[in-house]
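Now for the letters of each chain:
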Amino acid sequence: MSRFWSAIVAGLSPYVPGEQPKIGGLVKLNTNENPYPPSPAVAQAIGAELGTNGQTLRLYPDPQSAALRAAIAEREGLASEQVFVGNGSDEVLAFAFQGLLAQSRPLRFPDVTYSFYPTWCRLYGIDFETVPLGEGFALRVDDYTGGAPLILPNPNAPTGRAIARAEVARLCAANADWPVVIDEAYVEFGAETAAPLVASHPNLLVVRTLSKSHALAGLRVGYALGQPPLVEALVRLKDSFNSYPLDRLAQAGAEAALRDQAWFERSRDAVVANRAQLSGELAALGFEVLPSLANFVFARHPAHDGAALARALRERGIVVRHFASPRIEQWLRITVGTPQQCATLVAAMREIVATRPR
Ligand SMILES: *Cc1c(COP(=O)(O)O)cnc(C)c1O
């Protein structure tokens, strides 16, 4: 606290991201990064973009990110006017909260979901109502049909559970007078995308990121798909905030990543296979593991406290995410790593579960 702070800053409760450990050698399964390196085309494109001695960095980047937006539009079968890009999907989401989800009715989202949503609501003064998830943290679409602005991650975080595209269509139709934002941060690992609904639903905004699906969390590139009036809302905010949210290297690297479909499919298939293996091995140790369509699993052990398990793993150099929040304090969110990382985690869990009762 300082007397120089504005009232806005004094009233904030910032989001706390998962730890990025400063010490090496840890098995890092806490922030849902992709365990595989990105497409080699990314580093090549960034090198080419830099030019000799980085001379291109003298010049500002394209404020519209036209080439990147064209690559996204092509991949989705949409027009460039239906694509917005930002500095990570967190920035795109922040614009969507301020520009679309601040309405005369309270915004609705699940009680167990991405914990950044209430932070943005407080930042922008948006009223919100949380809707309890059902049995097994399943999202009940019928609970969201009352006519209100909505935001949902699909698959949901941190549960990993997804709803079908037809259910997203039902949500858009039932809330046709309000914006519906679907946060598809993990959709590429097996859930159905709502992108094909954009053409027929003027209230739908689909938000994606390259952080997880394309192993580019460090490059900070996210995007949104929606009809031109929704995209224009985000552009108006961007151009009132920062004309150049994506630097030259991010634009070039992201475009190269999106154009390497073969890399994407190989890496996705590996993560999906590792997820099945990890889920099975945790279940064999007695864990309850939710059916995940994301690049993490959400699991709890009936006889071991969630926070204690996370601490015991940390003592063995393994980092997972534990949320000290209502309903989920017994659960761990574990990123799907390489087969070796998963094996290290499972071996540690086997020991901990055998030796440390609750
Ligand atoms: C990781 C994540 C994001 C943010 O991703 P960026 O790295 O900012 O693109 C957004 N929503 C959910 C649900 C996430 O898990």
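A brief report on the enclosed structure follows. (Residues numbered from 1 in each chain as written. Predicted model: local features only at pLDDT ≥ 70, side-chain atom pairs only at ≥ 80, totals over all residues. Heavy atoms only, no water.)

### Observations regarding the overall build of the protein
Inference 1: For the protein, the count of helices and strands is 11 helices and 12 strands.
Inference 2: Taking 358 residues into account, the globule formula puts the C-alpha radius of gyration at 21 Å, and the protein, at 21 Å, falls close to it.
Inference 3: Summarising its shape, the C-alpha atoms of the protein cover approximately 60 × 55 × 50 Å along the three principal directions.
Inference 4: Within the protein, the fraction of its 358 residues that count as buried is 51%.
Inference 5: Only carbon and sulfur atoms are counted for the fraction: they give 54% of the accessible area of the protein, which is about 15800 Å². (Helix = DSSP H or I, 4+ residues; strand = E, 2+ residues; numbered from the N terminus. Rg over C-alpha atoms; globule rule 2.2 N^0.38 Å. Buried < 20%, exposed > 50% of the residue type's maximum accessible area, 1.4 Å probe, protein only. Areas by Shrake-Rupley, 256 points an atom, 1.4 Å probe, with all protein chains shown as cover.)

### Examining the nonpolar core
Inference 1: Formed by 46 residues in total, the largest nonpolar core has its most connected members in Leu204 and Leu225.
Inference 2: Leu204 has contacts with Val168, Cys172, Val180, Ile182, Ala194, Leu197, Val198, Leu225, Gly226, Gln227 and Leu230, leaving out every residue within four places of it along the chain.
Inference 3: Ala157, Tyr186, Ala312 and Ile352 belong to the second largest nonpolar core, which has 31 residues in total. (Core = buried A, V, L, I, M, F, W, Y, C linked by side-chain atoms within 4.5 Å. Contact = heavy atoms within 4.5 Å.)

### Concerning the site of the ligand
Inference 1: With respect to spatial proximity, the complete set of residues near the ligand consists of Gly88, Ser89, Asp90, Leu93, Tyr114, Asp183, Ala185, Tyr186, Thr209, Ser211, Lys212 and Arg220.
Inference 2: Between the ligand and Asp183 there is a distance of 2.7 Å, counted from a nitrogen atom to a side-chain nitrogen or oxygen.
Inference 3: Here an oxygen atom of the ligand and a side-chain polar atom of Arg220 are 2.7 Å apart.
Inference 4: Surface burial for the ligand is 92%, taken as the share of its 390 Å² of free accessible area covered by protein chains.
Inference 5: No other element matches helix α4 (residues 89–101), which puts 3 residues into the shell around the ligand.
Inference 6: Among the residues making up the shell around the ligand, the classes are represented as 4 nonpolar, 4 polar and 4 charged. (Near = heavy atom within 4 Å. Polar contact = N/O pair within 3.5 Å; in protein donor to acceptor, adjacent residues only side chain to side chain. Nonpolar A, V, L, I, M, F, W, Y, C, P; charged D, E, K, R; others polar.)

### Brief notes about the side chain of His214
Inference 1: Looking at the secondary structure, you find His214 in the loop between β7 (204–209) and β8 (222–226).
Inference 2: Among the polar contacts made by the side chain of His214, one reaches the side chain of Ser213 at a distance of 2.9 Å.
Inference 3: Ignoring anything within four residues of it in the chain, the contact list for His214 reads Pro38, Arg75, Glu188, Ala257, Leu258, Trp263 and Phe264.

### Structural notes on helix α5 (residues 116–124)
Inference 1: Turning to α5, its buried residues are Phe116, Tyr117, Pro118, Thr119, Trp120 and Cys121.
Inference 2: Residue Gly125 follows α5 closely and has a positive phi angle near 65°.

### Quick word on the pattern of salt bridges
Inference 1: One pass over the structure, following the stated rule, counts 18 salt bridges.
Inference 2: Glu188 is the salt-bridge partner of Arg75, the closest N and O atoms lying 3.6 Å from each other. Taken together, the residues Arg75 in helix α3 (residues 66–76) and Glu188 in the loop between β6 (180–183) and β7 connect sequence positions 113 residues apart.
Inference 3: Between Arg259 and Glu255 there is a salt bridge, with the nearest N and O atoms lying 3.1 Å from each other. Of this pair, Arg259 and Glu255 both sit in helix α8 (residues 248–259), 4 residues apart, which is roughly one turn of the helix.
Inference 4: Overall, Glu255 belongs to the partly exposed group, its relative accessible area being 21%.
Inference 5: By sharing partners, the salt bridges in this structure join Arg75, Glu76, Glu184, Glu188 and Arg208 into a single network. (Salt bridge = Lys/Arg side-chain N within 4 Å of Asp/Glu carboxyl O.)

### So, helix α6 (residues 165–174)
Inference 1: By the burial criterion, the buried members of α6 are Val168, Ala169, Leu171 and Cys172. An end-on view of α6 places all buried positions within 160° of arc, on one side of the element. Those residues of α6 that are exposed and angled more than 90 degrees off the buried face are Ala166 and Ala173.
Inference 2: Looking at the buried residues of α6, the elements they touch are β5 (150–153), β6 and β7. (Arc of directions from axis to C-beta.)

### A few points about the packing of α4 against helix α7 (residues 228–238)
Inference 1: The geometry of α4 relative to α7 is characterised by a closest axis approach of 9 Å and an angle of 115° between their N-to-C directions. Relative to α7, the element α4 lies roughly perpendicular. Where α4 crosses over α7, the handedness of that crossing is right-handed. Here α4 contributes Phe95, Ala96, Gln98, Gly99 and Leu100 to the contact with α7, which in turn contributes Leu230, Ala233, Leu234, Leu237 and Lys238. (Axes fitted to C-alpha atoms, helices over the stretch in contact; angles between N-to-C directions. Parallel < 35°, antiparallel > 145°, perpendicular 65-115°, else oblique. Left-handed = near helix turned anticlockwise from the far one by under 90°.)

### Describing the packing of helix α10 (residues 306–315) against helix α11 (residues 339–355)
Inference 1: The contact between α10 and α11 brings their axes to 10 Å, and the two run at 120°. With respect to each other, α10 and α11 are oriented oblique. Every pair of crossing elements has a handedness; the one defined by α10 and α11 is right-handed. Across the interface between the two elements, Leu309, Ala312 and Leu313 from α10 touch Leu345, Ala348, Met349 and Ile352 from α11.
Inference 2: Grouping the amino acids of the contact of α10 with α11 by side-chain chemistry returns 7 nonpolar, no polar and no charged.

### Considerations on the packing of aromatic side chains
Inference 1: One pass over the structure, following the stated rule, counts 18 aromatic pairs.
Inference 2: With centroids separated by 5.7 Å and ring planes inclined at 40°, the aromatic side chains of Phe97 and Tyr117 adopt a geometry described as tilted. Of the two residues, Phe97 is situated in helix α4 and Tyr117 in helix α5; the sequence distance between them amounts to 20 residues.
Inference 3: Phe97 sits in the buried class, given a relative accessible area of 0%.
Inference 4: Between the NZ or CZ atom of Arg75 and the centre of the ring of Phe264, over which it lies, the distance is 5.0 Å.
Inference 5: One cation-aromatic arrangement involves Arg333 over Phe296; the distance from NZ or CZ to the ring centre is 5.8 Å. (Phe/Tyr/Trp six-rings, centres within 6.5 Å; stacked < 30°, edge-to-face > 60°. Lys NZ or Arg CZ within 6 Å of the ring centre and 35° of its normal.)

All quantities given are derived from atomic positions and should not be read as evidence of function.
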